[in-house]
Amino acid sequence: MRTSEIHRRWLDFFAKKDHEIVPSTSLVSSDPSILFTIAGMVPFIPYIVGTEKAPYSRAVSVQKCIRTNDIENVGRTTRHGTFFQMAGNFSFGDYFKTGAIDFSWEFLTSPQDQGGLGFDPERLWFTVWEQDEESYRHVTEVIGLDPQRVVRLPREEIFWDTGQPGPAGPCGEWHYDRGAEYGPDAVTGTVPEWPGDEKAEDRYIEIWNLVFDQYLRGEGTGKDYPLLGELDQKSIDTGLGVERVAYLLQGVDNMYEIDQIFPVIEKAQELSGRVYGADGEDDVHLRIIGDHVRSALMLVADGVRPGNEGRGYVLRRLIRRAVRSMRLLGYTERSMPALLPISQSMMVDSYPGLEADFARISEIVYGEEEAFRRTLETGTTLFDGVASAVKKEGGRVLPGEDAFRLHDTYGFPIDLTMEMAGEVGLQVDADAFRSAMQEQRERARADAAAKKAGHTDTAIYNRLLSQRGGEVPFFGYTEDTVATTVESVLVDGALVDSVQAPAQVEVVLASTPFYAEAGGQLADQGQISLTGGGLVEVDDVQKPVRGLIVHRGRLVEGALSQGASAIATIDVERRGAIARAHTATHMVHQSLREELGGSATQAGSENSPGRMRFDFRYGQAVPKSALEQIEGRVNTLLQDELSVTDQQMSLDEATALGAQALFGEKYGDIVRVVSIGGDWSRELCGGTHVDSTGAIGTVQLMGEASIGSGVRRVDALVGLSAYRHQAKEHALVSQLSELLKVGAAEELPERVRSLTQKMKDMEKQLATLRGQQLQAEAGKLVETATDVDGVRLLAHDAGEDVGAGDLRTLALDLRSRLGEDRPVTVAVAGHEDGRAALVIATNAAARDRGLAAGAILRGAAEAMGGRGGGKPDMAQGGGGEPARIPSALTSVREAIAAAASA
């Protein structure tokens, strides 16, 4: 059963039980205390703890999750992965323990043709709190589970709580017994050590945890806290591991071999020439690749971008670990363009949005790989040299200074250096590394200030400010053109008396209308016309030291000299476009606070001609509906022609009025407060603005995304830029309407949905027809059965476009038709999308002869170039090459003959 089918069945099952289907929330957690959504119940925590009233009494979801705290174990165990899907059903004051247990038992054990998972009831175990008599009795007396397969545990092993006073309760956990070949028998009864050890955990797989939120807990640490009584409203939250269920139902050994991950591993095998299963360390790297490529795909899809901190750092680490694993397997070319599309194709059935967004996703991932490939080319050589030198001298610690050099010069993350050091038996001096990092940060801050000054030595600017006896007067709030005097001229950072064109120059004027870049607003551009015909084209304006305005540009005509008279004129069109963007930024800021609350505080901005960017602190993605509300609010106020005014006042007065301060700005005793609509928006701001909101025209929000831990970014087009974009969108909608033959643009979504549904229906019809065709052929196939040492063997290659599900159905049908009067083995194979699949079924008489389907399949799957496993009566394998199917069927015949001779 495909993983996407488990996903679909889960939602369908609980929808029929009157549960509200709640779509998966983003991997970017709405809880500001955690980076990612780490469990299926996270979006429902407010309803469980009672801070919000649930909008429904029953809910069901399949939640995307990311956990990276055990990233070093990925690929080394059967259970550790970074991205996973947690299926959950929830009750808020509705059904409780017995209802949750009944639902879980029904879904787990109902036949697959009736919508269930079809697990063998005799393989299921249940763990329960030793004092939870209600659950114990229901499982043993109503469900009918053998008490020997119900394990009672103490509170410290099977209790859930939030870690602080509030709801808490016992759990009931379903485990699946994979059989003696996976580990020792469980010890039954009330035993704290259940299941005992890691090997036993490989046998008894926990697949579903039912949490009974029953009690109110008091103060305490760990599990040492009192239960103060039962909750007035009890809740149920559960979690079924979709990947765990998938590898059990697909007959493979672990989560890396399921249909949503293993195709990436297969491609990695093809690229590298390594064979999965042949070498333990190679297998680890192949599993890392399969897991991390999928995780990177899903993180980028939810708006995360590679970065140096927070979520971006986690994503960067995942991509780089996958790329490095490919290199350790011997493949040094670009690998993501070959691997990422396969992962997308495996996940798109469950997450259709991946298809439309794949161009953006792939651009980000491929770019990160390319950057890291350049890093590895040079950095790995340096690391090898340093590590060899340390080991040659008998050392065990790689110096922190060398680790810092790898980071600072070659872009090696410290965790990668530590990982590589561990692989060669070394440790890294982390304290020395952190010390070097701190020194580098201090240097970077000083360098950044110097670069803004345009010269590494700011002393000259301080001297100019001191000589003139105060700040350069700025008249740009009211004037576009100012008659002034050239006070100072600098060329290459040095003062000069005069200079002839052409030349790059810095000019200090006695007064100016030019706005120097500050507070997120870009600098003005324009011209300085000189007496005698000289002309300076001003490209940038900065304040290298507070109070001194420096105009940077090109002397394109005549001469420029100290003391010359000049006319300073700004580019009015550019200034107007920036002013519209700046006022729009204030309006978006205030509208965000109205919609999201006061915690949405500014963290930075940029106002450029026709475009604005606003960064703000907020712990979760902003819903699309909220962005629409914000955009609508802003544009409504534009039409209201709100006045935009400014006042000079003391900082204390501004604070008392509730004026918002801009991120990163330092303010003096007297500040400028810009108000929109009287008291609707008030901010401390030194920038330029329009006189009324009507001058802005229109504002169009282009999107919202995370740019770091707890920081979001909104981009918007303003004025004519917004109009032009809307005109392009209108033209595109018109073209689509014409192509899809709809009368009005409003009909487009429904038309697209209709076409998409038709495609899905056709795919289902084709699948049904294929199944019917196979069933029709079953009668003729029975006649092809041959005798192999007293065993009736039916081996058949069903050909192309036949999936594992169809093969299972066919195998069971053929086994039934061949009867039970003598030993029967059925082996049917086929291939779909270039992947071979093989199903083997045996009847009871064959099993009495020692012919177990799982044992036969392992050899046959290996002959096919794939893997697989299963039960004695039914086994399934896949992943091999279609051309090797005949070899696999021959292997089945040989296995039967070998069993007979033995």
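Residues numbered from 1 in each chain as written. Predicted model: local features only at pLDDT ≥ 70, side-chain atom pairs only at ≥ 80, totals over all residues. Heavy atoms only, no water.

### A few points about the overall build of the chain
Piece 1. Of regular secondary structure, the chain possesses 24 helices and 33 strands.
Piece 2. C-alpha atoms of the chain, sized along the principal axes, occupy 115 × 65 × 65 Å.
Piece 3. The buried share of the chain, taken over its 902 residues, is 51%.
Piece 4. Contacts in the chain between residues far apart in sequence, at least 24 positions, make up 69% of those at least 6 positions apart.
Piece 5. Summed over all atoms, the accessible surface of the chain reaches about 40200 Å², with 48% contributed by carbon and sulfur. (Helix = DSSP H or I, 4+ residues; strand = E, 2+ residues; numbered from the N terminus. Buried < 20%, exposed > 50% of the residue type's maximum accessible area, 1.4 Å probe, protein only. Contact = heavy atoms within 4.5 Å. Areas by Shrake-Rupley, 256 points an atom, 1.4 Å probe, with all protein chains shown as cover.)

### Describing the pairing of strand E33 (residues 874-880)
Regular strands show a simple pattern: their side chains alternate between the two faces of the sheet.
Piece 1. Most of E33 is tucked away: 7 of the 7 residues are buried.
Piece 2. Two successive antiparallel strands, strand E32 (residues 867-870) and E33, enclose a turn made up of 3 residues. (Pairing = 2+ DSSP bridges.)

### A word on helix H21 (residues 804-818)
Piece 1. Under the 1.5 Å per step criterion, the end-to-end length of H21 is 21 Å for 15 residues, consistent within 8% with the ideal 21 Å.
Piece 2. Along H21, the positions that sit buried rather than exposed are Leu807, Leu810, Ala811, Asp813, Leu814, Arg815 and Leu818.
Piece 3. After H21 finishes, the residue Gly819 shows a positive phi value of roughly 85°. (Expected span 1.5 Å × (residues − 1).)

### Regarding the packing of aromatic side chains
Piece 1. Evaluated as defined, the whole model comprises 31 aromatic pairs.
Piece 2. Taking the centre distance of 5.7 Å and the plane angle of 80° together, the rings of Tyr47 and Phe92 count as edge-to-face. Taken as a pair, Tyr47 in helix H2 (residues 45-49) and Phe92 in strand E3 (residues 83-92) lie far apart in primary sequence, 45 residues in all.
Piece 3. Here the aromatic rings of Trp129 and Tyr215 are separated by 6.2 Å at their centres, their planes lie at 85°, and the arrangement is edge-to-face. Of the two residues, Trp129 is situated in strand E4 (residues 124-129) and Tyr215 in strand E8 (residues 204-217); the sequence distance between them amounts to 86 residues. Accessibility classification places Trp129 together with Tyr215 in one group, the buried group. (Phe/Tyr/Trp six-rings, centres within 6.5 Å; stacked < 30°, edge-to-face > 60°.)

### Section: the pattern of salt bridges
Piece 1. Enumeration according to the criterion identifies 43 salt bridges in this entry.
Piece 2. The salt bridge involving Glu106 is made with Lys17; its shortest N-O contact spans 3.2 Å. Of the two residues, Glu106 is situated in helix H3 (residues 97-109) and Lys17 in the loop between helix H1 (3-15) and strand E1 (20-21); the sequence distance between them amounts to 89 residues.
Piece 3. Of the residues examined, Glu106 reaches a relative accessible area of 31% and is grouped as partly exposed.
Piece 4. Taking relative accessible area as the criterion, Lys17 reaches 21% and is therefore assigned partly exposed. (Salt bridge = Lys/Arg side-chain N within 4 Å of Asp/Glu carboxyl O.)

### Structural notes on the sheet that holds strand E23 (residues 644-650)
Piece 1. Overall, antiparallel pairing links the 3 strands, which are arranged E23-E24-E25 in an open sheet. On the outer flanks of this sheet lie E23 and strand E25 (681-684), each paired with one strand and no other. Taken over all neighbouring pairs, the strand axes of this sheet differ in orientation by 25° on average, direction set aside.
Piece 2. Examined bridge by bridge, strand E24 (residues 670-676) and E25 share 4 bridges and lie antiparallel to one another. Looking at E25, one finds that Val673 is bridged to Leu684. (Axes fitted to C-alpha atoms, helices over the stretch in contact; angles between N-to-C directions.)

### Remarks on the packing of helix H7 (residues 262-272) against helix H10 (residues 336-347)
Piece 1. Interaxial distance between H7 and H10 falls to 9 Å at its minimum, and their mutual angle equals 160°. Judged on the interaxial angle alone, H10 and H7 are roughly antiparallel. As for the relative orientation of H7 and H10, their crossing is right-handed in sense. Contacts from Pro263, Val264, Lys267, Ala268 and Leu271 in H7 reach Ala338, Leu339, Ile342, Ser343 and Met346 in H10.
Piece 2. When grouped by side-chain class, the residues that make up the contact of H7 with H10 number 8 nonpolar, 1 polar and 1 charged. (Parallel < 35°, antiparallel > 145°, perpendicular 65-115°, else oblique. Left-handed = near helix turned anticlockwise from the far one by under 90°. Nonpolar A, V, L, I, M, F, W, Y, C, P; charged D, E, K, R; others polar.)

### Examining the side chain of Thr37
Piece 1. Locating Thr37 in the fold gives a position in the loop between E1 and H2.
Piece 2. Polar contacts involving the side chain of Thr37 include one to the main-chain carbonyl oxygen of Ser26, which spans 2.8 Å.
Piece 3. Setting aside chain neighbours within four positions, we find Thr37 in contact with Thr25, Ser26, Leu27, Val28, Ser29, Val42, Gln63, Lys64, Cys65 and Ile66. (Polar contact = N/O pair within 3.5 Å; in protein donor to acceptor, adjacent residues only side chain to side chain.)

### A few points about the sheet that holds E33
Across a sheet, strands are paired by hydrogen bonds formed along the backbone, either parallel or antiparallel in direction.
Piece 1. Spatially, 6 strands are ordered E28-E29-E30-E31-E33-E32 in an open sheet, and the strand pairing comes out mixed. Two strands bound the open sheet, and with one partner strand each, they are strand E28 (786-788) and E32. With strand direction ignored, the average angle separating the axes of adjacent strands in the sheet is 20°.
Piece 2. With respect to the sheet, H21 is in contact with strand E29 (791-800), strand E30 (824-832), strand E31 (835-842) and E33, its orientation differing from that of E30 by roughly 160°.
Piece 3. With respect to the sheet, helix H23 (residues 853-864) is in contact with E31, E32 and E33, its orientation differing from that of E31 by roughly 155°.

### A look at unusual backbone geometry
Piece 1. With omega at -5°, the peptide bond leading from Ala501 into Pro502 counts as cis.
Piece 2. Within the element layout of this structure, Pro502 appears in the loop between strand E14 (498-500) and strand E15 (503-509).
Piece 3. Positive phi outside glycine occurs at Glu641, with the angle close to 55°.
Piece 4. Locating Glu641 in the fold gives a position in the loop between helix H17 (624-639) and E23.
Piece 5. Phi at Asp833 is positive, roughly 55°, even though this residue is not glycine.
Piece 6. Within the element layout of this structure, Asp833 appears in the loop between E30 and E31.

### A closer look at the packing of helix H8 (residues 280-301) against H10
Piece 1. Relative to each other, H8 and H10 sit at 70°, their axes nearing to 9 Å. With respect to H10, the axis of H8 lies roughly perpendicular. Across from Ile289, Val293, Arg294, Leu297 and Met298 in H8, the residues of H10 making contact are Met336, Leu339, Leu340, Ser343, Gln344 and Met347.
Piece 2. For the contact of H8 with H10, the residue count by class is 8 nonpolar, 2 polar and 1 charged.

### Observations regarding H8
One full turn of an α-helix is made of 3.6 residues, so residues set three or four places apart face in the same direction.
Piece 1. Spanning 22 residues, H8 covers 32 Å between terminal C-alpha atoms, matching the ideal 32 Å at 1.5 Å per step.
Piece 2. In terms of burial, H8 is a largely internal element, 19 of the 22 residues being buried.
Piece 3. The opening residue of H8, the one whose side-chain oxygen lies 3.1 Å from the backbone nitrogen of Glu281, is Asp279.
Piece 4. Note on H8: the residue one or two positions beyond its end, Gly303, has a positive phi of about 95°.

### With respect to the pairing of strand E22 (residues 611-617)
Piece 1. As paired strands, strand E21 (residues 601-608) and E22 are joined by 7 bridges and run antiparallel to one another. Looking at E22, one finds that Gly604 is bridged to Asp615.
Piece 2. Here E21 folds back onto E22, and the loop between the two strands holds 2 residues, one of which, Gly610, carries a positive phi near 80°.
Piece 3. Relative to strand E27 (residues 711-718), E22 runs antiparallel, the two being bridged by 7 bridges.

### Description of the side chain of His285
Piece 1. For His285, the location among the structural elements is in helix H8.
Piece 2. At 3.5 Å, the side chain of His285 and the side chain of Ser325 are in polar contact.
Piece 3. Sequence-distant contacts of His285, that is, excluding residues within four places in its chain, are made with Ser325, Leu328 and Leu329.

### A few points about the nonpolar core
For soluble globular proteins, nonpolar side chains are generally found buried alongside one another.
Piece 1. Of all hydrophobic cores here, the largest spans 110 residues; its most connected members are Trp10, Leu108, Leu117, Phe119, Trp174, Ile207 and Trp208.
Piece 2. Phe119 has contacts with Leu108, Thr109, Tyr176, Ile207, Val245, Leu248 and Leu249, leaving out every residue within four places of it along the chain. (Core = buried A, V, L, I, M, F, W, Y, C linked by side-chain atoms within 4.5 Å.)

### Some points on the environment of Ala744
Piece 1. Note that Ala744 resides in the loop between helix H19 (720-740) and helix H20 (748-782).
Piece 2. It is 52 Å that separates the C-alpha atoms of Ala744 and Val74, two residues lying 670 residues apart in sequence.

### Topic: the confidence of the model for the chain
Should pLDDT be low for a region, the predicted coordinates there are not to be read in detail.
Piece 1. Per-residue confidence for the chain gives a mean pLDDT of 87, with 93% of residues at or over 70.
Piece 2. Note on residues 189-193: pLDDT under 50 across the span, and 10 contacts to partners over four residues away in sequence or across chains.
Piece 3. Contacts of residues 448-456 to residues separated by more than four positions or lying in other chains number 16 contacts, the stretch itself having pLDDT below 50. (pLDDT = per-residue confidence, 0-100.)

### Some words on the environment of Pro111
Piece 1. By secondary structure assignment, the location of Pro111 is in the loop between H3 and E4.
Piece 2. If we ignore the near neighbours within four places in the chain, the residues touching Pro111 are Gly116 and Gly118.

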